[in-house]
Amino acid sequence: MLMAARRLRGIALTLLVLGIVMLLYPLSLKVAAKRSELMRTERSIVRAQDRIRYLQSEIAVRASMRQLEVWNAETFGYSAPTAPQYLDGERQLASLDRLPRPAGLQPVAPVLVAMASDASANTLSASGPSASAPKPAAGQALAPAAAPRTVVTPVGMVRAAPPAKPAAKPAAPADTVPVRLARAPIAPPSPRAGEARATVTKPAQDRATATTGATERARETRRRAERLAMIESQLLSPETLKALQDGTAAEARGGQRP
Amino acid sequence: MTTLVARPERVRRAAQNQQFLTLTHRRLMMLLLAFLLIVAVIVGRILAFAAFDEGAGKARVAQAFVPPRGDIVDRNGVPLARTMEAYAIRVVPERLINDKVELARELSRIFPDTTTDQFLARMSGKPTYIRRRALPEQVAAVNALGEIGFEYPREQERLYPQLSLGAHVLGFTDAEGHGVTGVERAFDARLRDQARRAAPLALSIDARVQAILESELGAAVTNLEAIGGAGVLLDTNTGEVVAMASLPTFNPNRVGASSLAARRNAVTHNVYELGSTFKPLTVAAAIDAGTVTSMARRYDAMQPVQVAGFRIRDLHPLGRWLNVPEMLMHSSNIVTARVADELGRAPLEAMFRALEFDKRPAIELPERSGTLWPRSWGRVTTMTTAFGHGIAVTPLHLASGYAALVNGGIYRPATILKVDGRTPPQGKRVFKPATSARMRQLLRLIVAEGTGRKADAPGYRIGGKTGSAEKPSGGGYARHSVVATFSAAFPMDNPRYVLLVMIDEPKGNAYSSGQRTAAWTAAPVVKAVVTRAGPMLGIIPDERRDVDLTDLVPLLWKAKGDQ
């Protein structure tokens with residue numbers, strides 16, 4: 001019994017080995033299959049590379065420098081950028097913004113602007129048919145606080161005002177345009193009070209001479225503050241920022257402007 | 001008879017047992033070894049699969065891509081020459097079944113550039129090619145004729161995708177695939193070498209700049225009705241040739257259609273007396289030698305110089321005394337001759353030899369011409385070679401000379417191969433650095449205020465010298481056939497590139513306002529090329545920078561009341 005078992009063990013071992021070998025055989029088969037598959041893939045890669053090379057060459061021929069030159073001459077007409085088109089840095093870029101200037105930054109002589117601005121505002125409000133007609137007798141025309149203050153008036157208007165000074169009369173029931181302009185010099189006293197307030201009780205000449213250096217300085221500081229506010233509101237307003245963002249996003253997307 | 005048989009069975013059995021046991025052990029041992037061997041083989045096989053199989057696969061793929069002849073690419077990797085499997089169309093006349101006349105008519109419909117008669121001639125006689133190279137659609141069209149006498153072998157063909165771009169640099173190959181001219185010939189062994197042909201050969205040429213130079217030069221040559229032209233753009237610090245154009249040109253894809261003259265590389269293979277463009281070299285040699293000590297010193301230019309039967313005169317006589325900046329600005333031969341006379345033969349000749357004007361140009365291309373060096377060197381030779389007469393060199397010689405003149409005084413041989421990663425060639429000193437700095441000022445002055453104003457592209461700080469040399473003909477000089485050269489460098493505050501443009505025999509027509517001098521013919525080409533190619537080469541124009549000319553401008557003579 002024991003002997004038989006001992007003999008069988010040898011056979012069993014042999015069978016075991018055979019079994020393992022048979023189990024391993026599919027591995028070898030699989031490797032061979034994979035390898036042939038790899039070969040096929042490799043061959044197709046080579047074919048694809050060859051084709052890519054061919055197509056690349058064809059594209060290179062069709063888009064050769066000479067051809068591009070001809071197209072440019074016939075259709076596009078691009079020319080080399082000139083020196084001013086190159087920017088050195090952010091500073092140079094910022095100087096090219098081409099934004100509309102804030103109204104307060106118009107290149108008009110500053111003193112004239114200040115004198116004319118309040119004057120014209122008052123003139124416009126005070127000389128309206130409703131404002132000028134009922135109140136001449138009272139001798140005082142109070143401009144509404146909410147009157148729109150135009151900072152800038154056409155230069156022609158400002159120039160026209162001083163010569164018309166003598167014509168300034170409080171009682172002018174039938175106002176015409178020249179008369180309105182003539183009232184402008186009356187206004188200067190109002191800014192001194194810091195209010196949009198025009199007084200017509202005294203002769204215009206007195207008031208005009210009463211404008212002192214102190215008012216000038218006060219006006220200057222106020223104008224500066226106004227300008228700053230305007231720059232901030234124009235440059236950093238949500239609309240501007242959004243427009244900038246939209247622009248960059250569109251450019252990043254397709255290289256095209258909306 | 002009785003026999004006594006002894007039975008030494010027990011003894012034998014014991015011995016036998018011992019023997020059997022040993023045998024069994026041995027057999028077991030062998031079996032064990034066999035098993036170990038099998039396991040080892042299996043493990044080894046698996047390891048082999050894991051370790052070496054991938055590598056083997058890669059090697060096979062890599063080998064499949066090696067072209068039979070290496071590609072040629074430009075410095076940015078744009079292919080300039082490739083070997084492709086192209087279609088050819090062959091005819092075997094005895095196998096033709098259709099009517100030959102009919103076939104020839106059909107073929108000439110597909111290939112309009114060949115006549116019916118030519119096709120008919122090819123279809124009678126021995127088997128021959130109808131087309132060495134045909135497009136796939138053309139092959140399909142011919143195949144659609146249904147003729148069994150046609151064959152469509154696929155052949156390895158050299159293709160130049162950029163057509164005539166840089167044709168003289170690249171050269172071409174013969175039917176067997178050997179290089180005949182240009183880079184194809186110079187690096188034939190490298191391009192065919194089994195080990196190295198997989199990697200493309202990178203040239204120093206920039207295809208974009210090359211195209212710009214060729215188109216601008218081509219436009220000028222056409223408009224000026226010139227017989228030819230040459231242009232070369234060199235990197236001053238490495239000697240790399242970034243662009244090299246020669247006109248007339250040819251298409252290396254169809255070499256047979258071009259003439260021999262068109263295949264000649266004017267930059268390296270033709271020699272010219274380049275005239276006034278030599279004057280800055282002479283001045284630099286004189287400053288170096290110490291004979292020109294002051295820019296303010298004036299020389300007599302009132303009368304032409306008479307030496308040994310020669311008469312050196314100015315094209316536009318000013319009739320007054322000129323200093324060196326004025327001499328260069330007005331391109332005075334008389335003053336140059338006087339400066340050279342004072343300098344003497346030895347330093348001038350040494351400078352020319354240091355710039356290798358006595359040898360073939362230093363470049364890898366096989367088409368290089370020897371220069372015309374003066375045979376006997378007398379006093380007149382010194383005076384005439386100083387302004388570029390009596391010595392003929394190739395345009396490349398002069399460009400290399402200018403590179404040395406402006407880059408701080410180091411001469412480096414020109415190269416057509418990309419210098420990348422490696423350090424640029426050592427070079428040899430020809431001019432002192434201070435001389436080079438002074439020459440930069442003077443060259444910039446010529447363009448800013450002198451004869452080279454038409455080359456002044458705003459913002460690029462171009463400096464250079466015009467040269468309009470009359471061509472020698474029949475012992476003398478032909479007054480009306482000139483070689484107009486403009487040799488420039490930019491940006492002059494730190495020169496990085498030298499650009500030389502030469503136009504051979506321009507006609508003075510409406511395009512150049514009736515002038516045939518370099519200021520009107522070659523200088524505008526320089527301006528156009530620099531404006532277009534400068535930004536590609538990394539030179540950003542800046543109008544707020546320039547060379548400091550404040551010490552030279554006060555030396556220029558101005559008429560009273562002139563600003």
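Residues numbered from 1 in each chain as written. Chains lettered and ligands numbered in written order. Predicted model: local features only at pLDDT ≥ 70, side-chain atom pairs only at ≥ 80, totals over all residues. Heavy atoms only, no water.

K.L.:
Looking at this model, I keep getting lost on the overall build of chain A. Mind explaining?
P.N.:
Looking only at helices and strands, chain A has eleven helices and two strands in total. Secondary structure of chain A in N-to-C order comes out as α-α-α-α-α-β-α-α-α-β-α-α-α. The buried share of chain A, reckoned over its 258 residues, is 22%. A fraction of 62% describes how many contacts in chain A between residues 6 or more apart in sequence connect residues 24 or more apart. Of the accessible surface of chain A, which amounts to about 18500 Å², a share of 64% is contributed by carbon and sulfur atoms. (Helix = DSSP H or I, 4+ residues; strand = E, 2+ residues; numbered from the N terminus. Buried < 20%, exposed > 50% of the residue type's maximum accessible area, 1.4 Å probe, protein only. Contact = heavy atoms within 4.5 Å. Areas by Shrake-Rupley, 256 points an atom, 1.4 Å probe, with all protein chains shown as cover.)

K.L.:
Is there a simple way to think about the overall build of chain B in this case?
P.N.:
The number of helices and strands found in chain B is 17 helices and 17 strands. Classification of the 563 residues of chain B by burial places 51% in the buried group. Taking contacts inside chain B between residues at least 6 apart in sequence as the whole, the part at least 24 apart equals 71%. Here chain B displays about 26000 Å² of accessible surface, and carbon together with sulfur accounts for 55% of that area.

K.L.:
Honestly, the packing of aromatic side chains in this entry has me stumped. Any pointers?
P.N.:
The way to describe two aromatic rings as a pair is by their centre distance and the angle between their planes. Residues and elements named next belong to chain B. According to the stated counting rule, one finds eight aromatic pairs over all chains in the structure shown. Note on phenylalanine 111 and phenylalanine 119: the rings are 6.2 Å apart at their centroids and 45° apart in plane angle, and the pair reads as tilted. Neither residue differs from the other here; phenylalanine 111 and phenylalanine 119 are each classed as buried. When the ring centre of tyrosine 129 is taken as origin, the NZ or CZ atom of arginine 90, which lies over that ring, is 5.7 Å away. (Phe/Tyr/Trp six-rings, centres within 6.5 Å; stacked < 30°, edge-to-face > 60°. Lys NZ or Arg CZ within 6 Å of the ring centre and 35° of its normal.)

K.L.:
Would you take a moment to explain the pattern of salt bridges for this structure?
P.N.:
Between side chains of opposite charge, a pair can form as their charged atoms come close. For the coordinates displayed, the defined rule picks out 38 salt bridges over all chains. Measuring nitrogen to oxygen at the nearest pair gives 2.3 Å for the salt bridge that ties arginine 223 of chain A to glutamate 220 of chain A. With arginine 223 of chain A and glutamate 220 of chain A both in helix α10 (residues 213–235), this residue pair falls three residues apart, about one helical turn. Its relative accessible area of 32% is what places glutamate 220 of chain A among the partly exposed residues. The residue aspartate 546 of chain B makes a salt bridge to arginine 444 of chain B at a minimum N-O spacing of 2.8 Å. A residue pair is termed long-range when its members are at least 10 positions apart, and aspartate 546 of chain B in the segment after α17 (518–533) and arginine 444 of chain B in helix α16 (residues 433–449) qualify at 102 residues. Judged by its relative accessible area of 5%, arginine 444 of chain B falls in the buried class. (Salt bridge = Lys/Arg side-chain N within 4 Å of Asp/Glu carboxyl O.)

K.L.:
Hey, could you run me through the interface of chain A and chain B in this one?
P.N.:
Frequently, the measure chosen for interface size is the accessible area that the parts lose on association. Facing the 29 residues of chain A at the interface are 39 residues of chain B. A buried area of about 3100 Å², summed over both sides, lies between chain A and chain B, and 62% of it is on carbon and sulfur atoms. Area buried by chain A at its contact with chain B is led by Arg53, Met65 and Arg66 of chain A, which between them contribute 21% of it. Remark: the boundary between chain A and chain B carries three salt bridges. In this structure, arginine 53 of chain A engages aspartate 71 of chain B in a salt bridge whose closest nitrogen and oxygen atoms are separated by 2.9 Å. Counting across the chain A and chain B interface gives ten residue pairs in polar contact (both at pLDDT 80 or more). Listed by contribution, the elements that provide at least two residues to the side of chain A that touches chain B are α1 (2–62) and α2 (65–76) of chain A. Sorting elements by how many residues they give to the side of chain A that touches chain B places α1 of chain A first, with 18 residues. When its residues are assigned to classes, the side of chain A that touches chain B shows 16 nonpolar, five polar and eight charged. (Buried area = accessible area lost by both parts, 1.4 Å probe. Polar contact = N/O pair within 3.5 Å; in protein donor to acceptor, adjacent residues only side chain to side chain. Nonpolar A, V, L, I, M, F, W, Y, C, P; charged D, E, K, R; others polar.)

K.L.:
Help me understand the sheet that holds strand β7 (residues 228–235) of chain B in this model?
P.N.:
By definition, the strands of a sheet pair up through backbone hydrogen bonds, in either a parallel or an antiparallel sense. Residue and element names in this part refer to chain B. Pairing is antiparallel across the open sheet formed by five strands, whose spatial order is β8-β7-β17-β16-β15. Two strands bound the open sheet, and with one partner strand each, they are β8 (241–247) and β15 (463–473). Recorded for the sheet is a direction-independent mean angle of 15° between the axes of neighbouring strands. As judged from the eight bridges shared by strand β16 (residues 476–490) and strand β17 (residues 497–504), these two strands associate in the antiparallel manner. Looking at the pairing, threonine 485 lines up with methionine 502 of β17. (Pairing = 2+ DSSP bridges. Axes fitted to C-alpha atoms, helices over the stretch in contact; angles between N-to-C directions.)

K.L.:
When you look at the packing of helix α2 (residues 100–110) of chain B against helix α3 (residues 116–123) of chain B in this model, what are you seeing that I'm missing?
P.N.:
For any two helices packed against each other, the geometry is given by the interaxial angle and the distance between the axes. Residues and elements named next belong to chain B. Interaxial distance between α2 and α3 falls to 8 Å at its minimum, and their mutual angle equals 130°. By the criterion of interaxial angle, the relationship of α2 to α3 is oblique. Every pair of crossing elements has a handedness; the one defined by α2 and α3 is right-handed. Of the residues in α3, those touching α2 at Lys100, Val101, Leu103, Ala104, Arg105, Leu107 and Ser108 are Thr116, Phe119, Leu120 and Met123. Its residues placed into classes, the contact of α2 with α3 shows seven nonpolar, two polar and two charged. (Parallel < 35°, antiparallel > 145°, perpendicular 65-115°, else oblique. Left-handed = near helix turned anticlockwise from the far one by under 90°.)

K.L.:
When you look at the pairing of β16 of chain B in this model, what are you seeing that I'm missing?
P.N.:
Moving residue by residue along a regular strand, the side chains alternate between the two faces of the sheet. Residue and element names in this part refer to chain B. In terms of burial, β16 is a largely internal element, eleven of the 15 residues being buried. As judged from the eleven bridges shared by β15 and β16, these two strands associate in the antiparallel manner. From the neighbouring strand, glycine 463 faces β16, where its bridge partner is alanine 489.

K.L.:
What exactly am I supposed to notice about unusual backbone geometry here?
P.N.:
The bulk of non-glycine residues show a negative phi, and the bulk of peptide bonds are trans. All names here are of chain B. At the junction of leucine 247 and proline 248, the peptide bond is cis and its omega measures out at -5° in the coordinates. Within the secondary structure, proline 248 sits in the loop between β8 and α9 (266–269). Cis geometry marks the peptide bond from phenylalanine 490 to proline 491; its omega dihedral reads -20°. Mapped onto the elements, proline 491 comes out in the loop between β16 and β17. One non-glycine residue with positive phi stands out, namely glutamate 505, at about 55°. One can find glutamate 505 in the loop between β17 and α17.

K.L.:
How should the side chain of arginine 461 of chain B be read in this particular structure?
P.N.:
Residues and elements named next belong to chain B. Of note, arginine 461 is situated in the loop between α16 and β15. A distance of 3.3 Å separates polar atoms of two side chains, one belonging to arginine 461 and the other to aspartate 493. Ignoring sequence-local partners within four residues, the contact set of arginine 461 consists of Arg444, Ala489, Phe490, Pro491, Met492, Asp493, Ile540, Pro541, Asp542, Arg545 and Asp546.

K.L.:
Would you mind going over a nonpolar patch on the surface with me for this structure?
P.N.:
Residues and elements named next belong to chain A. Residues Leu68, Val70, Trp71, Phe76 and Tyr78 make up a contiguous nonpolar surface patch of about 530 Å² in total accessible area. As for its position among the elements, valine 70 is in helix α2. Valine 70 gets classed as partly exposed once you look at its relative accessible area, which sits at 36%. (Patch = residues over 30% accessible without salt bridge, like charges linked within 9 Å, V, L, I, M, F, W, Y side chains within 5 Å.)

K.L.:
What am I meant to see in α1 of chain A here?
P.N.:
Note: α-helices contain 3.6 residues per turn, so residues at a spacing of three or four share the same orientation. Compared with the 90 Å implied by 1.5 Å per residue over 61 residues, the 89 Å span of α1 of chain A between its first and last C-alpha is a close match. Val31, Glu42, Arg53, Tyr54, Ser57 and Ala60 of chain A are the residues of α1 of chain A that are buried. (Expected span 1.5 Å × (residues − 1).)

K.L.:
What's the story with the confidence of the model for chain A in this structure? I'm lost.
P.N.:
In regions of low pLDDT, the predicted coordinates are not meant to be interpreted in detail. In the predicted model, chain A carries a mean pLDDT of 64, and 50% of its residues have values of at least 70. Counting interchain partners and residues more than four positions distant, the pLDDT-below-50 stretch residues 108–210 of chain A has 103 contacts. (pLDDT = per-residue confidence, 0-100.)

K.L.:
Explain the confidence of the model for chain B to me, please; I cannot follow it from the model alone.
P.N.:
Within chain B, residue pLDDT values average 86, and 94% of them lie at 70 or more. Across the assembled chains, the prediction reports ipTM 0.70 with pTM 0.69.

K.L.:
I would appreciate a short explanation of the pairing of β7 of chain B in the present structure.
P.N.:
Residue and element names in this part refer to chain B. Taken across its eight residues, β7 has eight buried, putting it largely inside the fold. Alternating positions in β7 separate into two faces, Gly228, Ala230, Val232 and Leu234 on one and Gly229, Gly231, Leu233 and Asp235 on the other, with burial throughout. Strand direction decides the pairing type here: β7 and β17, joined by eight bridges, are antiparallel. Paired with glycine 229 across the bridge in β17 is isoleucine 503. Where β7 folds back onto β8 in an antiparallel hairpin, the turn is made up of five residues, including glycine 239, whose phi is positive at roughly 80°.

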